[in-house]
Amino acid sequence: MSSQAFSIRYLGRESKLDYKLYEEVASGEKIESRKEMQKLLRHVEDQLYDGVVVMDIDRLGRGENKDWALIKDTFLNSETVIITPNKIYDLEIDNDDVSFDFMSIFARIEYKMIKRRMKQGKEAGAKKGMWTNGKPPFPYYYDKNTRSVLVDETKRPIYRAIVEKYLNGTNLGHIAIWLTDNKIPTPYNIKPDGKNKGWSNITVQRLLASEIHLGYITYGKIRSKRGQVELVPEEERIKVMGTHEKLKTPEEHEVIMERLLKNRMLNPNSRSNIFPLSGLLYCEKCGSRMRFRVGENKKQGQYWSALCYHQYKDGSKCEQRGKVMDADFFNALYDRIIHVDPNILREIELHGSRYNDTQAIIEVKEQELKKAEAGAGQAA
Ligand SMILES: [Zn+2]
């Protein structure tokens, strides 16, 4: 039991109050990942308690403005007080309301400072050529003991075969088929249900184009801004020579990049028949990728709808209903049913112009989001 929980139990016993303990095991940033917090808020909303005891106001929330607003609303509407060892906050009383706001702002600033320090630590590590990016690409692995990136000897010949096949004229598709046929586990393409769906052209392409195999470490390709994932412009990224083993020469890399570029120019529209949001929408209820279907009726003419076909292990179907992708749908997109997969953003980066539509949509939505947040106060 944590010392927090111990103190709370002590408070509960001494005050001879009936109480229930909520202890978060996970330490997620947002309320959506904090199961106990969600439960507590539901119970507060249902007016199960007169008050909630916390050691400190900052234990309630983390960095998110949205979360603090939700916490405050819940306590205010249910007329539940917040009890800390120093003070009882009754949000219906003006003074308490103001001090709650102050405390929550401090909590947010503190959280941001912790996050910034962690980021600075990562950047400093990256500048020294240390690996800070989580799982390295095929055929490397991260060795915890030596804290370094090493080559998996069983995968090394496979990686080299990919490079040599491509240099010798085998196309991406044939390399992908060769890898899948030889039952080589894929580095990226794991579906939400944990099944491996085999190698794709994109996976092979991403592997071939990677600068990590040239010996580089890049840091800060993607950042999260106001809860949205976005790409960092090339010039703002940190790129240094790492200490891991190089697996291709700069000459090989140059030939690879030239051929990839040529292929792109030869087949500019090879994927243009795919709906621009393909792979970007995930079901809110089950987390599966949404699929798209084109429909037609007299009133609307042709329209797209997004559907979830997910089936749970027990055979029951996901209860997500199809959504017609009209103007309202797009307006609600970023708030409601999606998150942007960082892998997809990498693909967008690789494909550039091919995904212009998608990028345009993302940009428009980001602008709207910025406007909306400017209206809602300072951003987290
Ligand atoms: Zn679903």
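Here the structure is a predicted model, which means the values were calculated and not measured. (Residues numbered from 1 in each chain as written. Predicted model: local features only at pLDDT ≥ 70, side-chain atom pairs only at ≥ 80, totals over all residues.)

Colleague: Let's hear about the overall build of the chain: which residues, and what values?
Modeller: The helix and strand inventory of the chain stands at 11 helices and 12 strands. Within the span of the chain, comprising 380 residues, buried residues form 17% of the whole. Counted over contacts in the chain with a minimum sequence separation of 6, partners at least 24 positions apart contribute 55%. (Helix = DSSP H or I, 4+ residues; strand = E, 2+ residues; numbered from the N terminus. Buried ≥ 20, exposed ≤ 12 C-beta atoms within 10 Å, placed from the backbone. Contact = placed C-beta atoms within 7 Å.)

Colleague: Got a sec to walk through the pairing of strand E5 (residues 148-151)? Specific residues and values, please.
Modeller: A regular strand places its side chains on the two faces of the sheet in alternate fashion. Two strands pair when backbone bridges link them, and strand E4 (residues 140-143) and E5 are joined in this way by four bridges, in the antiparallel orientation. Bridge assignment links Tyr141 to a residue of E5, and that residue is Leu150. (Pairing = 2+ DSSP bridges.)

Colleague: An account of the nonpolar core is needed here, citing residue identities and associated values.
Modeller: Judged by nonpolar contacts, the single largest core of 17 residues is most densely connected at Leu40, Val44, Val52, Ile57, Phe75, Ile82 and Phe100. Elements that contribute at least two residues to this core include exactly helix H2 (35-45), strand E1 (51-53), helix H3 (65-77) and helix H4 (94-127). Ranked by the residues each element gives to this core, the list is headed by H2, at four residues. Ranked by size, the runner-up nonpolar core spans 13 residues in total, among them Val163, Tyr166, Leu172 and Trp199. (Core = buried A, V, L, I, M, F, W, Y, C linked by C-beta atoms within 7 Å.)

Colleague: Describe the packing of helix H5 (residues 156-167) against helix H7 (residues 201-209), and please don't skip the residues or the numbers.
Modeller: Where H5 meets H7, the closest approach of the two axes is 11 Å, and the angle between their N-to-C directions is 95 degrees. By the angle between their directions, the pair H5 and H7 is classed as roughly perpendicular. Seen from H5, the contacting residues are Ile162, Val163 and Tyr166; seen from H7, they are Val204, Leu207 and Leu208. Of the residues in the contact of H5 with H7, the class split is six nonpolar, no polar and no charged. (Axes fitted to C-alpha atoms, helices over the stretch in contact; angles between N-to-C directions. Parallel < 35°, antiparallel > 145°, perpendicular 65-115°, else oblique. Nonpolar A, V, L, I, M, F, W, Y, C, P; charged D, E, K, R; others polar.)

Colleague: How would you sum up H3? Please name residues and give values.
Modeller: A rise of 1.5 Å per residue sets the reference length of H3, with its 13 residues, at 18 Å; its end C-alpha atoms lie 18 Å apart and thus fit the reference within 8%. Phi turns positive one or two residues past the end of H3, at Glu79, with a value near 55 degrees. (Expected span 1.5 Å × (residues − 1).)

Colleague: Please provide a residue-by-residue account of the confidence of the model for the chain, values included.
Modeller: Caution is warranted with low-pLDDT regions, since their predicted coordinates should not be read in detail. A residue-level look at the chain finds 58% of positions with pLDDT of 70 or above and a mean pLDDT of 73. A low-confidence stretch, residues 268-274 stays under pLDDT 50, and its non-local contacts, those more than four residues away or across chains, total one contact. (pLDDT = per-residue confidence, 0-100.)

Colleague: Which residues make up the sheet that holds strand E3 (residues 88-89), and what values do they have?
Modeller: Spatially, E1-E2-E3 is the arrangement adopted by the three strands of the open sheet, whose pairing is mixed. Only two strands of the sheet have a single partner each, and these edge strands are E1 and E3. Of the strand pairs in this sheet, E1 and strand E2 (residues 81-83) are connected by three bridges, and their pairing is parallel. Its bridge partner being in E2, Gly51 is matched across the sheet by Val81.

Colleague: Requested: an account of the packing of helix H6 (residues 172-181) against H7, with residues and values cited.
Modeller: Direction vectors running N to C along H6 and H7 enclose 105 degrees, while the axes themselves pass 8 Å from each other. The angle between H6 and H7 places the two elements in the roughly perpendicular class. Two secondary-structure elements touch here, H6 through Leu172, Gly173, Ile175 and Ala176 and H7 through Asn201, Val204 and Gln205. Class assignment of the residues belonging to the contact of H6 with H7 gives a composition of four nonpolar, three polar and no charged.

Colleague: Give me unusual backbone geometry: which residues, what numbers.
Modeller: The linkage connecting Phe138 with the following residue, Pro139, adopts the cis geometry, with an omega of 0 degrees. The residue Glu79 is not glycine, and still its phi comes out positive at about 55 degrees. Topologically, Glu79 is positioned in the loop between H3 and E2. Residue classification places Glu79 among the exposed positions, given that 12 C-beta atoms sit within 10 Å. Even without glycine at this site, Lys183 takes up a positive phi of about 55 degrees. Residue position: Lys183 is located in the loop between H6 and H7.

Colleague: How would you summarise the environment of Ile88 if you had to cite specific residues and measurements?
Modeller: Within the secondary structure layout, Ile88 lies in strand E3. Sequence-wise, Ile88 and Val53 are 35 residues apart; in three dimensions their C-alpha atoms are separated by 9.0 Å. Excluding residues within four positions of it along the chain, Ile88 makes contact with Val81 and Ile83.

Colleague: Go over the environment of Met257 with me, naming the residues and quoting the values.
Modeller: Relative to the assigned elements, Met257 resides in helix H8 (residues 250-266). Judged by the 13 C-beta atoms lying within 10 Å of it, Met257 is partly exposed. Sequence separation of Met257 and Gln205 is 52 residues, and the distance between their C-alpha atoms is 9.6 Å.

Colleague: Lay out H6 with the relevant residues and their values.
Modeller: Inspection of H6 places Leu172, Ile175, Ala176 and Leu179 among the buried residues, and these make up the whole buried set. Taken around the axis of H6, the buried residues stretch over an arc of 100 degrees, which confines them to a single face. Exposed side chains of H6 directed beyond 90 degrees from the buried face belong to Gly173 and Asp181. Lining the buried residues of H6 we find H5 and H7. Taken from the residues just after H6, Lys183 is the one with a positive phi, measuring 55 degrees. (Arc of directions from axis to C-beta.)

Colleague: An account of the environment of Ala209 is requested, with residue identities and associated values reported.
Modeller: By secondary structure assignment, the location of Ala209 is in helix H7. With 14 C-beta atoms counted inside 10 Å, the residue Ala209 sits in the partly exposed group. Taking the C-alpha atoms as reference points, Ala209 and Ile256, 47 residues apart in sequence, are found 7.2 Å from one another.

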